[in-house]
Amino acid sequence: MGEPIVKYKNVYKSFGDVNVLKGINLNISPSEKVALIGPSGSGKTTIIRMLMTLEQPTSGTIEVNGHNLWKMERNGKQVDANESHLRKIRGDIGMVFQHFNLFPHMTILENCMAAPIHVQKESKESAKQRSIEMLEKVGLGDKTDLYPSQLSGGQKQRVAMARALVMRPKIMLFDEVTSALDPELVGEVLEVIRDLAKEGEMAMILVTHEMDFARDIADRVLFLNEGVIEAEGPPEEILINPESERLQSFLSRFT
Ligand code: ADP
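Residues numbered from 1 in each chain as written. Predicted model: local features only at pLDDT ≥ 70, side-chain atom pairs only at ≥ 80, totals over all residues.

J.: What exactly am I supposed to notice about the overall build of the protein here?
T.: Within the protein, the secondary structure is distributed over nine helices and 12 strands. For the protein, whose C-alpha radius of gyration is 19 Å, the value lies close to the compact-globule estimate of 18 Å for 255 residues. Oriented by its inertia axes, the alpha-carbon framework of the protein measures out at about 55 × 50 × 35 Å. A total of 255 residues make up the protein; the buried ones form 39% of that total. (Helix = DSSP H or I, 4+ residues; strand = E, 2+ residues; numbered from the N terminus. Rg over C-alpha atoms; globule rule 2.2 N^0.38 Å. Buried ≥ 20, exposed ≤ 12 C-beta atoms within 10 Å, placed from the backbone.)

J.: Quick question: what am I supposed to make of the site of the ligand here?
T.: Around the ligand, the structure places Phe15, Val20, Gly38, Ser40, Gly41, Ser42, Gly43, Lys44, Thr45 and Thr46. Per-element tally for the shell around the ligand: the top contributor is helix H1 (residues 44-51), with three residues. (Near = placed C-beta within 6 Å.)

J.: Any chance you could explain unusual backbone geometry here in plain terms?
T.: Leaving glycine aside, a negative phi is the common case for residues, and trans is the common case for peptide bonds. Its identity as a non-glycine residue notwithstanding, Lys121 has a phi of 55°, on the positive side. Looking at where Lys121 falls in the secondary structure, it is placed in the loop between helix H3 (108-118) and helix H4 (124-137). Positive phi, normally seen in glycine, also occurs at Arg168, with a value near 50°. Relative to the elements of secondary structure, Arg168 occurs in the loop between helix H5 (153-165) and strand E9 (171-175).

J.: Is there a simple way to think about the nonpolar core in this case?
T.: Across soluble globular proteins, nonpolar side chains show a tendency to be buried alongside one another. In this structure, Leu36, Ala162, Leu173, Phe174, Met204 and Val221 are the most contacted members of the largest nonpolar core, which totals 72 residues. If near-sequence neighbours (up to four positions away) are discounted, Val221 is found in contact with Ala35, Ile37, Ala214, Glu232, Gly233, Pro235, Ile238 and Leu239. (Core = buried A, V, L, I, M, F, W, Y, C linked by C-beta atoms within 7 Å. Contact = placed C-beta atoms within 7 Å.)

J.: What exactly am I supposed to notice about the pairing of strand E8 (residues 93-96) here?
T.: Residues in a regular strand project their side chains so that they alternate between the two faces of the sheet. Burial of E8 is two-sided: the residues Ile93 and Met95 facing one way and the residues Gly94 and Val96 facing the other way are all buried. Bridging between E8 and E9 involves four bridges; their strand directions are parallel. Bridging from a neighbouring strand, Ile93 pairs with Ile171 of E9. (Pairing = 2+ DSSP bridges.)

J.: Hey, could you run me through the environment of Glu188 in this one?
T.: Considering the arrangement of structural elements, one finds Glu188 in helix H6 (residues 183-199). Look at Glu188 and you get partly exposed, because 17 C-beta atoms sit within 10 Å. Considered as a pair, Glu188 and Gln98 are 90 residues apart in the sequence and their alpha carbons are 15 Å apart.

J.: Explain the UniProt feature "domain: ABC transporter" (unreviewed entry) in the protein here, please?
T.: According to UniProt, the "domain: ABC transporter" (unreviewed entry) feature falls on residues 6-251. For residues 6-251, helix accounts for 37% and strand for 28%, while the C-alpha atoms at its two ends are 27 Å apart. (UniProt positions renumbered as here; feature names shortened; annotations may be inferred.)

Structure, rendered in structure tokens:
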């Protein structure tokens, strides 16, 4: 599958004296789809927030595309990364959260166009064209002029995905994107992710409690427990015939 696009090397993270991650080692290939499962509080969100540079590891390193997230080279020396280094790395990564965080005073088209124009300094015309294309991809091509308040939760979450896709990420992070939705709206959101996964190009990391979904789309499932990757492997191995007792007990809550 080629050189990994993401590498976590012996990553530890503490908040105060709470040790949340205890030695994460993880390589992700450029088109790999990874599902991250585990009990609440096990550190799943922290793992992906660190990739988005929203949290810094206490120790260990994270590389994206061969670039250390928190260090950069200057005059042949490794120095702390500055904001422009971080911004460049973040440009390869799209993230969709549990809560959609759309701008309420902008139409959904404007929501999608904002980052390409203001962050990537793209022309308004080309940002608009690609935003429309991405809104069509998530099935909202006929809603471009509506405001977030006029949409259902599932539709808002699909806008959040289009908004991330407009930036042409190489890696997409999904953090429990269906857990704030009414049950009848979950399917439409998972369907969009499923389609993206089928296209196959991007690496995807999904934190999810939807085990059937994880089984369908993931190349690899990681079971995180108390800050350690306790089991990992193909979905059949992890979700259908798990060896670890703790994993069995975790999975039994979903059947
Ligand atoms: P999960 O996504 O598996 O539910 P999280 O990564 O959200 O787990 O959280 C893991 C642990 O880290 C929890 O105990 C949580 O309270 C703690 N935690 C997460 N973020 C912070 C923070 N910013 N400050 C203090 N504690 C935090």
